[in-house]
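# Architecture and fold: a report
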Amino acid sequence: MAAGGELQLLGCWYSPYAIRARVALGLKGLSYEYIEQDLFSKSDLLLKSNPVHRKVPVLIHAGRPVCESLVVVQYVDETWPETGPPLLPAGAHDRATARFWAAFIDDDKFFQPWRRLMRSTTDEQRAEAFKNVVPQFEILEQGFTECSKGKAFFGGDAIGLADIALGSFLLWFKVVDEVSGTKLLDEAKFPGLAAWAERFLAVDAVREAMPEFERLLVHYKGFLAGLASPAAPAG
């Protein structure tokens, strides 16, 4: 289905934040022009469209940019409420709950422990980082139980904002597990999240938005090699 005005999406194939926007647009069935960005040599269009953060994704609707991934997802839902499934629930409390869990996923309390695991280059670093990230997944397991109310997704019967927020990282979780020898979404420890992840990745709009696992794995190994290099910057 064509959108009600020209739509362009500035993204990067491996960015989980850009994946969020692609999933939202796909679920809504909206057509758009995808413009791949080189994050190491940012285009004039990206810098002009998002001069504050200079990051992807940026959704350009009828010439006007919308920035930040969760803002883009909510903008898509609010702008095309009659197109495709709703991405946020109708009730005010349920909407607030969905926004809370989406914000938790991007908050330092969750993201930074996982980022340390993702950036670990030694077995010792990985063991310490993994120990610190598991409690955050315990919180998410409880959050999924409460938010889904026994249904398939955080959003209930269909994918919603919190699903998109966490689901955009699923392939990254998998490639980090592959390299680190970890298993973040262990079925024994996190049965709700593990089953949810399988359901999420089976949705057509999600599969179409995700990068190929092998390509992402190669990218990640190259990223780690750069971190391990003596010339790599700190941080």
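Quick note: structure is the one above.
Residues numbered from 1 in each chain as written. Predicted model: local features only at pLDDT ≥ 70, side-chain atom pairs only at ≥ 80, totals over all residues. Heavy atoms only, no water.

### Structural notes on the nonpolar core
Residues Trp114, Phe137, Leu166, Phe173, Leu193 and Trp196 are the most contacted members of the largest nonpolar core, which totals 65 residues. The element that contributes the greatest number of residues to this core is helix H6 (residues 123-148), accounting for eight residues. By size, the runner-up hydrophobic cluster in this structure holds 10 residues, among which are Leu25, Leu30, Leu59 and Val76. (Core = buried A, V, L, I, M, F, W, Y, C linked by side-chain atoms within 4.5 Å. Buried < 20%, exposed > 50% of the residue type's maximum accessible area, 1.4 Å probe, protein only. Helix = DSSP H or I, 4+ residues; strand = E, 2+ residues; numbered from the N terminus.)

### Regarding the sheet that holds strand S2 (residues 33-36)
Strand order in the open sheet formed by four strands is S2-S1-S3-S4, and the pairing between neighbours is mixed. Sheet topology places S2 and strand S4 (64-67) at the edges, where each strand pairs with a single neighbour. Ignoring strand direction, the axes of neighbouring strands in this sheet form an average angle of 20 degrees. Inspection of the sheet shows strand S1 (residues 7-11) paired to strand S3 (residues 58-61) by four bridges, in the antiparallel sense. From the neighbouring strand, Leu9 faces S3, where its bridge partner is Leu59. Against the sheet, helix H1 (residues 16-28) contacts S1, S2 and S3, and its axis sits at roughly 150 degrees relative to S1. The sheet contacts of helix H3 (residues 69-79) involve S3 and S4, and relative to S4 the element is tilted by about 125 degrees. (Pairing = 2+ DSSP bridges. Axes fitted to C-alpha atoms, helices over the stretch in contact; angles between N-to-C directions. Contact = heavy atoms within 4.5 Å.)

### A few points about the pattern of salt bridges
Per the stated rule, a full pass over the model turns up nine salt bridges. Residues Asp77 and Lys28 are paired through a salt bridge, measuring 3.1 Å at the closest nitrogen-oxygen approach. Of this pair, Asp77 sits in helix H3 while Lys28 is found in helix H1, placing the two residues 49 residues apart along the sequence. As far as burial versus exposure is concerned, Asp77 and Lys28 are alike and both buried. (Salt bridge = Lys/Arg side-chain N within 4 Å of Asp/Glu carboxyl O.)

### What to know about the pairing of S2
Both S1 and S2 contribute to a ladder of four bridges, which runs parallel. Bridge pairing links Leu9 to Tyr34 in S2. With H1 bridging S1 and its parallel neighbour S2, the resulting β-α-β unit is right-handed. (Right-handed = clockwise from strand over helix to strand, strands pointing away.)

### Things to note about the packing of aromatic side chains
Per the counting criterion, the structure on display carries 19 aromatic pairs. Plain terms: the ring middles of Phe111 and Trp114 are 6.3 Å apart, the flat faces sit at 50 degrees to each other, and that makes the pair tilted. Residue Phe111 and its partner Trp114 are both found in helix H5 (residues 108-118); the two are separated by three residues, about one turn of the helix. Its relative accessible area of 15% is what places Phe111 among the buried residues. When the ring of Phe137 is compared with that of Phe173, the centres are 5.4 Å apart and the planes differ by 70 degrees; the resulting orientation is edge-to-face. Here Phe173 lies in helix H8 (residues 170-180) and Phe137 lies in helix H6, a separation of 36 residues in the sequence. Take Phe137: its relative accessible area is 0%, and that puts it in the buried class. An aromatic cluster is built from Tyr17, Phe100, Trp101, Phe104, Phe110, Phe111, Trp114, Phe137, Phe169, Phe173 and Phe190, whose rings are joined through pairwise contacts. The aromatic ring of Tyr34 is capped on one face by Arg22, whose charged end is 4.2 Å from the ring centroid. Taking the ring centre of Trp13 as reference, the NZ or CZ of Arg215 above it sits at 3.8 Å. (Phe/Tyr/Trp six-rings, centres within 6.5 Å; stacked < 30°, edge-to-face > 60°. Lys NZ or Arg CZ within 6 Å of the ring centre and 35° of its normal.)

### Describing unusual backbone geometry
Going from Val56 to Pro57, the amide bond is cis rather than trans, its omega being 5 degrees. Topologically, Pro57 is positioned in the loop between helix H2 (44-49) and S3. The phi dihedral of Arg54 is positive, around 55 degrees, even though this residue is not glycine. Judged by its relative accessible area of 46%, Arg54 falls in the partly exposed class.

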